[in-house]
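Structure assessment
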Amino acid sequence: MVRLPLSPEEVMRGKLLGELLRRARGGRPMLDVALAAGISPETLRKIESGRVPTPSFSTVAMLAMVLGLSLDNVWGTVYDGPGIGNAGAEGERSRQAS
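To keep things clear, this report deals only with the structure shown in the data block. (Residues numbered from 1 in each chain as written. Predicted model: local features only at pLDDT ≥ 70, side-chain atom pairs only at ≥ 80, totals over all residues. Heavy atoms only, no water.)

Remarks on the layout of surface pockets
Of the voids in this model, the largest pocket is the one considered here, and its volume is about 340 Å³. Together, 15 residues line the largest pocket, and Leu-17, Val-60, Trp-75, Val-78 and Tyr-79 are the ones closest to its centre. Breaking the lining of the largest pocket down by element, the ones donating at least two residues are helix H1 (8–25), helix H4 (57–67) and helix H5 (71–79). Per-element tally for the lining of the largest pocket: the top contributor is H5, with 5 residues. Grouping the constituent residues of the lining of the largest pocket by class yields 10 nonpolar, 3 polar and 2 charged. (1 Å grid on protein atoms, 1.4 Å probe; cavity = no way out; pocket = protein on both sides within 12 Å on 5 of 7 lines; lining within 4 Å. Points joined across faces, edges and corners; volume = space filled by probe spheres on them. Helix = DSSP H or I, 4+ residues; strand = E, 2+ residues; numbered from the N terminus. Nonpolar A, V, L, I, M, F, W, Y, C, P; charged D, E, K, R; others polar.)

This is the structure we're talking about:
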């Protein structure tokens, strides 16, 4: 199976997701969070660094649960973040107008 290259928007969303998860983890050890979410610490490290920009939904959902994040918050950050597609541009314009 050939995997298509990721678009720049997908890469940026992966970086935003990684930043969100890293901030939410705070001072908690990576090992503890990874094991609680049912993934390896190396997988969590790759997601947080943006090297795995498109983790599975179940992985994101488990990490969100372990870190106390709502999936709505995760979605809003990743898909409505600055510079992400049209939604991001609209969101940025509305924030600047405020």
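From this point on, the discussion continues.
Examining the packing of helix H2 (residues 30–37) against helix H3 (residues 41–49)
For any two helices packed against each other, the geometry comes down to the angle between their axes and how far apart the axes lie. Relative orientation of the contacting elements H2 and H3 amounts to 105°, with a least axis distance of 8 Å. Our classification of the angle between H2 and H3 gives roughly perpendicular. In this structure, H2 uses Met-30, Leu-31, Val-33 and Ala-34 to contact H3, whose residues at the interface are Pro-41, Leu-44, Arg-45 and Glu-48. (Axes fitted to C-alpha atoms, helices over the stretch in contact; angles between N-to-C directions. Parallel < 35°, antiparallel > 145°, perpendicular 65-115°, else oblique. Contact = heavy atoms within 4.5 Å.)

A look at the pattern of salt bridges
In total, this model carries 3 salt bridges according to the counting rule given. Among the salt bridges present, the one from Glu-48 reaches Arg-25, with a minimum N-O distance of 2.7 Å. Within this pair, whereas Glu-48 is found in helix H3, its partner Arg-25 is found in helix H1, the two being separated by 23 residues in sequence. The same class applies to Glu-48 and to Arg-25, which are both buried. In this structure, Arg-51 and Glu-42 form a salt bridge, with 3.3 Å as the shortest nitrogen-oxygen distance. (Salt bridge = Lys/Arg side-chain N within 4 Å of Asp/Glu carboxyl O. Buried < 20%, exposed > 50% of the residue type's maximum accessible area, 1.4 Å probe, protein only.)

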